[in-house]
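# Overview (structure and organization)
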Amino acid sequence: MDVGIVGKPNVGKSTFFNACTLGAAEVASYPFTTIKSNIGVAFVTAPCPCKEIDTQCTPKNSRCINGTRLIPTRIIDVAGLVPEAHTGRGLGNRFLDDIMQAEVLIHIIDASGKTDEEGRPAENHDPLVDVQFLEKEIDAWFFEKLSDKWKKLSRRISSEHLDLHKILAEKFSIVTEEEIVKALHTTQFNPEKPDTWTEEQLKEFSTELRKINKPIVIAANKADVAPDNNMESLKQVGAVPTSAEAELALRRAQDHGLIQYVPGEDHFLIEGGITAAQKSALEKIQHFLDKFKSTGIQDCLNHAVFDILLRIVVYPVENEHHYSDSFGNVLPDAYLMRKGDTAHDLAYKIHTDLGKTFIYAVNARKRMRIKEDYELQNGDIIKIVAAAK
Ligand SMILES: Nc1nc2c(ncn2[C@@H]2O[C@H](COP(=O)(O)OP(=O)(O)OP(=O)(O)O)[C@@H](O)[C@H]2O)c(=O)[nH]1
Ligand SMILES: [Mg+2]
């Protein structure tokens, strides 16, 4: 599962990406610093069961800081998109292709209003304009992909009575049949006679498909220097206030042993040994945290993965009494599963063989046997029992 970071140039995408990954994507104040997309590992956070069951965990596929489990997810930093990118403007289509592998997009907006629609220095630019431009751009790109050879294809579907969702999913590999069925359901266009759809209807259909296939979370970035009225209007469209720069500073300070900080929290502990300049910078950040309750970066990631993509966290174990694997690691793994997934799905996710030889599972917290169709709940600790091979 990938999270794509998108937006016009100079809004703070690489800063956001670096803050999440502590990676080395370049950061600079001129457009197109990033000329190829960067892929890194970011973390979503959830309360680790180690606190509740009062044990010391030894994570393997994830991390735990003071009872907060950090679960890895892939994140892509994409170069800035400018209006008309779908026609090849700016760095163009290549980047639209790049973000297509993402399951959810975080659209970074410069809430300060100090960059124009192409990322150049400006005054009082309305950030709401940027919200719309990106959606339009991706919608146009979807429309282009769909409308390519549409006439011939739609005639064939109508005359040969073919399944529109099957044919379209084959043609447009990033969308699934299920997503197409959903978009057909919302638009109520006749799937048997697509050759009768007007261009407007095809546009409406591709927009609907985009919303399902590429949901967007909006980050009102540079909240630390943004005027209140911009923040207000962005909040109205559901944006999460963020300061990527503050998060990056905190992660770096943490990396250098200057502070103790758990991503997503509204405070940090100074470990000592800091200079007067560092102290003053940290004070400014604390002031921001007091006002906004967090830097917003973790909220964005968690919102995208848990609320939009409907993922849950499940902890598979081999020993349900010690919550451990066979080597004694306690709560070693945290898996992101889909809401609605079953115990059997978890077995398959751990290993295909485990899925095939599945007999039953155990809800380790309740010490209860569960069947293959048991629907996993967020935070479950599960042991899979399989037939010996
Ligand atoms: N005040 C403030 N400045 C920020 C914040 N995030 C990023 N910046 C600054 O904005 C400028 C652009 O940041 P980048 O992360 O390089 O932006 P980008 O969107 O990746 O830019 P391109 O790669 O050119 O598209 C840099 O000077 C950052 O320091 C923030 O939260 N607050
Ligand atoms: Mg960049």
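Use the structure listed above.
The paragraphs below set out a description of the structure included in this document. (Residues numbered from 1 in each chain as written. Chains lettered and ligands numbered in written order. Predicted model: local features only at pLDDT ≥ 70, side-chain atom pairs only at ≥ 80, totals over all residues. Heavy atoms only, no water.)

## A closer look at unusual backbone geometry
- Positioned with a positive phi, Q188 is a non-glycine residue whose angle comes to about 60°.
- Residue position: Q188 is located in the loop between helix 7 (177-187) and helix 8 (199-213).
- A relative accessible area of 60% places Q188 in the exposed class.
- Phi is positive for K222, which is not a glycine, with a value near 60°. (Helix = DSSP H or I, 4+ residues; strand = E, 2+ residues; numbered from the N terminus. Buried < 20%, exposed > 50% of the residue type's maximum accessible area, 1.4 Å probe, protein only.)

## So, the sheet that holds strand 13 (residues 368-370)
- A sheet is described by the order of its strands in space; here 5 strands give the open sequence 11-10-14-12-13, paired in mixed fashion. Taken across any chain shown, the strands that pair with only one partner, and hence form the sheet edges, are strand 11 (335-338) and strand 13. The mean angle between the axes of side-by-side strands here comes to 45°, regardless of whether they run parallel or antiparallel.
- Judged from the 3 bridges that link them, strand 12 (residues 358-363) and strand 13 form a sheet pairing that is antiparallel. Opposite A361, over in strand 13, you have I370 as the bridge partner.
- Of the strands in this sheet, strand 10 (311-317), strand 11, strand 12 and strand 14 (381-386) are in contact with helix 13 (residues 343-350), which crosses strand 11 at around 135°. (Pairing = 2+ DSSP bridges. Axes fitted to C-alpha atoms, helices over the stretch in contact; angles between N-to-C directions. Contact = heavy atoms within 4.5 Å.)

## A word on the environment of V217
- Locating V217 in the fold gives a position in strand 6 (residues 216-221).
- Taking the C-alpha atoms as reference, V217 lies 21 Å from D266; in sequence the two are 49 residues apart.
- In this structure, V217 is in contact with V104, L105, I106, H107, V240, C300, H303, A304 and I308, ignoring residues within four places of it in sequence.

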